[in-house]
Amino acid sequence: MMKRTLMFMVLMSALALISGCGSAQAACPGGRCASVGVWSPWGGVWYYQSPCAGGRCAAKKAAEPAEPKVEEPAPEAAEEAPQLVEFKPFCVRVAELINAQRKALGLPALELDESLCQGCDSHSAYMARNGFQHAYYGGRECIAYGVRSPEAVVNMWLGSSGHRAIILGGGKTLGVGCSGSYWTLRVR
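Only a predicted model underlies this, so the values are computations on that prediction, with no experimental measurement involved.

Any chance you could explain the packing of helix α3 (residues 89-104) against helix α6 (residues 161-168) here in plain terms?
How two helices sit against one another is set out by the angle between their axes and by the gap between those axes. Taken N-terminus to C-terminus, the directions of α3 and α6 make an angle of 80°; their axes are 10 Å apart at the nearest point. Considering the angle they form, α3 stands roughly perpendicular to α6. Residues I98, Q101 and R102 of α3 touch α6, and the partners they reach there are R164, I167 and L168.

Structure (structure tokens):
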């Protein structure tokens, strides 16, 4: 270890001589400090330091290694086309029936939303295992039990003033799920 340190100091001293570090030599009696000086960090940059004068040489800085250049990948010429989502046929049919009713009243159509449909499917399966119950969804949820067709469930919901208000109220997206005869509809 001592041998490595000594070799480092000699190498650094030689570099200081080559770099023309005159101020340290001028401050040192006899001008021999460059042969025994060492490199040390000073303010985040490497300078030669004279052990005799206790100062740093401002004549030249050591060259710092360049940062590796990271090249970013070239942007794609064309963006990928969005993937089409295939909704279950009963989801599409419920949305068609609800949007027909909304259109008849001059309301904008609701668009099927994949994440809402997945949540509705999950809740319908949960109800099939654990019994009929609402999930907390901010009151914008309709559930049904005992019907087997999209037409029957939409007629049931539109026949209930609370469910009708949810279906015909505000919102832009719709989710539908079914498990057996358990149905869930959410509007967002």
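There's more to say after this.
Before we go on, may I ask you to explain the packing of aromatic side chains in this structure?
Each pair of aromatic rings is reported with the distance of its centres and the angle of its planes. Using the criterion set out here, one finds three aromatic pairs in the structure. Judged by centre distance (6.3 Å) and plane angle (50°), the rings of F132 and Y145 are tilted. Here Y145 lies in strand β4 (residues 141-145) and F132 lies in the loop between α4 (114-130) and β4, a separation of 13 residues in the sequence. We classify F132 as partly exposed; its relative accessible area is 46%. The exposure class of Y145 is partly exposed, given its relative accessible area of 48%. Measuring from ring centre to ring centre gives 4.6 Å for Y145 and Y182, while their planes differ by 40°; the resulting arrangement is tilted.

Parameters and conventions
- Residues numbered from 1 in each chain as written.
- Predicted model: local features only at pLDDT ≥ 70, side-chain atom pairs only at ≥ 80, totals over all residues.
- Heavy atoms only, no water.
- Axes fitted to C-alpha atoms, helices over the stretch in contact; angles between N-to-C directions.
- Helix = DSSP H or I, 4+ residues; strand = E, 2+ residues; numbered from the N terminus.
- Parallel < 35°, antiparallel > 145°, perpendicular 65-115°, else oblique.
- Contact = heavy atoms within 4.5 Å.
- Phe/Tyr/Trp six-rings, centres within 6.5 Å; stacked < 30°, edge-to-face > 60°.
- Buried < 20%, exposed > 50% of the residue type's maximum accessible area, 1.4 Å probe, protein only.

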